[in-house]
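# Summary of the model geometry
Residues per chain are reported as follows:
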Amino acid sequence: MSASAIHSAEDARRLARRRLPWMVFDYIDGSAGAETGAARNRAALDAITLRPRILRDVSQRSLATTVFGQQTERPFGIAPMGMCNLSAPGADLMLARLAAKHKVPHGVSTVASTPMEKILEVAEGHAWFQLYFTGDGTGTFKLVERAKAAGYKTLVLTVDVPEVGRRPRELRHGFKMPFRIGPRQFIDFALHPRWSIAGLIHGKPQMANFEMDGYDFDRTESRAKADWDTLARLRDAWPGHLVVKGVLDVDDALQLQRAGVDAIQVSSHGARQLEAAPAPIDMLPRMRAALGPDFPLFFDSGLRSGEDALKALVAGADFVFFGRILQFAMAAGGDPGLAQLWRVLTDEMSIAMAQTGMTCIKDAHQDA
Ligand SMILES: Cc1cc2nc3c(=O)[nH]c(=O)nc-3n(C[C@H](O)[C@H](O)[C@H](O)COP(=O)(O)O)c2cc1C
């Protein structure tokens, strides 16, 4: 069984690569350009060492923390990802159940493949809505109202996609949303029958948040019109917590803080946008120093293990998010695959905490 074969994120990736059509695997796995941005972040994470400490009685350890005053069982959650049901039928709801079980935030993408209301219900409230600004913003602000009416309390505005990055691996396969099945995709799907038959039974994954009057979302439509006035409008329109995701510049972060956002998420979109962006993990300590010790700072991009996540916490993040590896786990083994990878990540972090003399997440921040 695939789930029991997952002992690391790389195991999940390898199993997913076998099962998924090339087009889907490369859409999830691919990064911008020649993928040097992904390599830079990986090298930066690998270069960080944690300080081994001894004889501190670390027999009782807790990974619990709080985000926006809410208890979470782990200091890591689920990054928003579009079209997750491509990785496995029902993937969005597998993630939602995981979020409910461990009381961690589940990022629900603007281009999620399950309606935002359903995900919030299954996640038992542990879901944050991620917003893309598009076109002239009319549809965007309708989505904000919809998220509010659905009961979302946290909105995550993603700001690092003024234009969709070029990812040659997905372009080569002719990946489009909603996808079209030409001769090349037909062969690809025929060679991956397990995925294709499940897709036939459950139906082709769709972008599920756009059955609204006047909202016709085009994934490739420019998102470039958003500016600081847009942010101010959004701040006025959204009474709940407002997180801005995709920030890599200290000056921008300071301006966001002044603009009244509630948290900043340092991220390079998993190296899927600007190839030449700095390694996000290198920016974290500078962001923390600039924003002060108490400003909520989140992180994602390139995390592949519980130890990686601990490094980000030590570097200044209050909370971190995993992205594509969760999709690989579902592609490899469905619900049990996801649960297994979650256990692996938990064990990796807990063991690393023991080895570095930590018993709680606060210790990680104090070690920074
Ligand atoms: C397949 C895929 C789809 C994504 N879709 C979105 C999205 O719709 N909105 C968003 O803000 N970020 C999106 N992201 C970026 C993630 O939220 C996150 O920043 C990134 O995956 C973290 O890096 P990691 O995958 O290396 O962990 C996507 C990432 C992947 C891999």
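Residues numbered from 1 in each chain as written. Predicted model: local features only at pLDDT ≥ 70, side-chain atom pairs only at ≥ 80, totals over all residues. Heavy atoms only, no water.

### Focus: the site of the ligand
Around the ligand, 23 residues are found, and the nearest of them are Pro 80, Ser 109, Thr 158, Asp 300 and Arg 324. At a separation of 3.0 Å, a nitrogen atom of the ligand approaches a polar backbone atom of Gly 82. At 2.8 Å, a backbone N or O of Gly 302 approaches an oxygen atom of the ligand. Counting residues per element, the ones that place at least two in the shell around the ligand are α2 (22-29) and α14 (324-355). Split into classes, the residues belonging to the shell around the ligand amount to seven nonpolar, 11 polar and five charged. (Near = heavy atom within 4 Å. Polar contact = N/O pair within 3.5 Å; in protein donor to acceptor, adjacent residues only side chain to side chain. Helix = DSSP H or I, 4+ residues; strand = E, 2+ residues; numbered from the N terminus. Nonpolar A, V, L, I, M, F, W, Y, C, P; charged D, E, K, R; others polar.)

### Regarding the packing of aromatic side chains
Overall, the coordinates contain 13 aromatic pairs when judged by the stated rule. Judged by centre distance (5.0 Å) and plane angle (50°), the ring pair of Phe 189 and Trp 195 falls under tilted. Considered together, Phe 189 and Trp 195 belong to a single accessibility category, that of buried residues. Over the face of the ring belonging to Tyr 132 we find Arg 223, whose NZ or CZ atom lies 4.1 Å from the ring centre. The positively charged end of Arg 272 is found above the aromatic ring belonging to Tyr 27, 5.3 Å away from the centroid. (Phe/Tyr/Trp six-rings, centres within 6.5 Å; stacked < 30°, edge-to-face > 60°. Buried < 20%, exposed > 50% of the residue type's maximum accessible area, 1.4 Å probe, protein only. Lys NZ or Arg CZ within 6 Å of the ring centre and 35° of its normal.)

### A few points about empty space enclosed by the protein
Taken as a whole, this structure holds three cavities of 30 Å³ or more when the rule is applied. Of the volumes computed, that of the largest cavity is approximately 490 Å³. (1 Å grid on protein atoms, 1.4 Å probe; cavity = no way out; pocket = protein on both sides within 12 Å on 5 of 7 lines; lining within 4 Å. Points joined across faces, edges and corners; volume = space filled by probe spheres on them.)

### Looking at the layout of surface pockets
The space that makes up the largest pocket amounts to roughly 590 Å³. Taken together, 28 residues form the lining of the largest pocket, with Val 159, Asp 160, Pro 162, Gly 246 and Asp 252 sitting closest to its centre. At the level of elements, β6 (154-158), α10 (228-237), β7 (241-247) and α11 (250-258) are the ones that each hand at least two residues to the lining of the largest pocket. Roughly 410 Å³ of internal volume is contained in the second largest pocket. As for the second largest pocket, its lining consists of 20 residues, of which Trp 195, Ser 196, Gly 199, Leu 200 and Lys 204 are closest to the centre. Contributions of two or more residues to the lining of the second largest pocket are made by α8 (183-190) and α9 (193-202). The greatest single-element share of the lining of the second largest pocket, amounting to five residues, is contributed by α9.

### Digging into unusual backbone geometry
At Leu 55, a position not held by glycine, the phi torsion is positive, near 55°. Looking at the secondary structure, you find Leu 55 in the loop between α3 (36-47) and β1 (65-67). By relative accessible area, Leu 55 is classed as exposed at 84%. Although it is not a glycine, His 269 sits at a positive phi angle of roughly 60°. Along the chain, His 269 turns up in the loop between β8 (263-266) and α12 (280-291).

### A closer look at the pattern of salt bridges
Going through the model one piece at a time under the given rule, you end up with 16 salt bridges. Measuring nitrogen to oxygen at the nearest pair gives 2.8 Å for the salt bridge that ties Arg 13 to Asp 29. Residue Arg 13 is found in helix α1 (residues 9-19), and its partner Asp 29 is found in helix α2; the two are separated by 16 residues along the sequence. Owing to a relative accessible area of 22%, Arg 13 belongs among the partly exposed residues under this scheme. In this structure Asp 29 comes out as buried when scored by relative accessible area, which is 9%. Residue Arg 235 is joined to Asp 262 by a salt bridge in which the shortest nitrogen-to-oxygen separation is 2.8 Å. With Arg 235 in helix α10 and Asp 262 in the loop between α11 and β8, this pair connects stretches of sequence that are 27 residues apart. Residue Asp 262 is classed as partly exposed on the basis of its relative accessible area of 25%. (Salt bridge = Lys/Arg side-chain N within 4 Å of Asp/Glu carboxyl O.)

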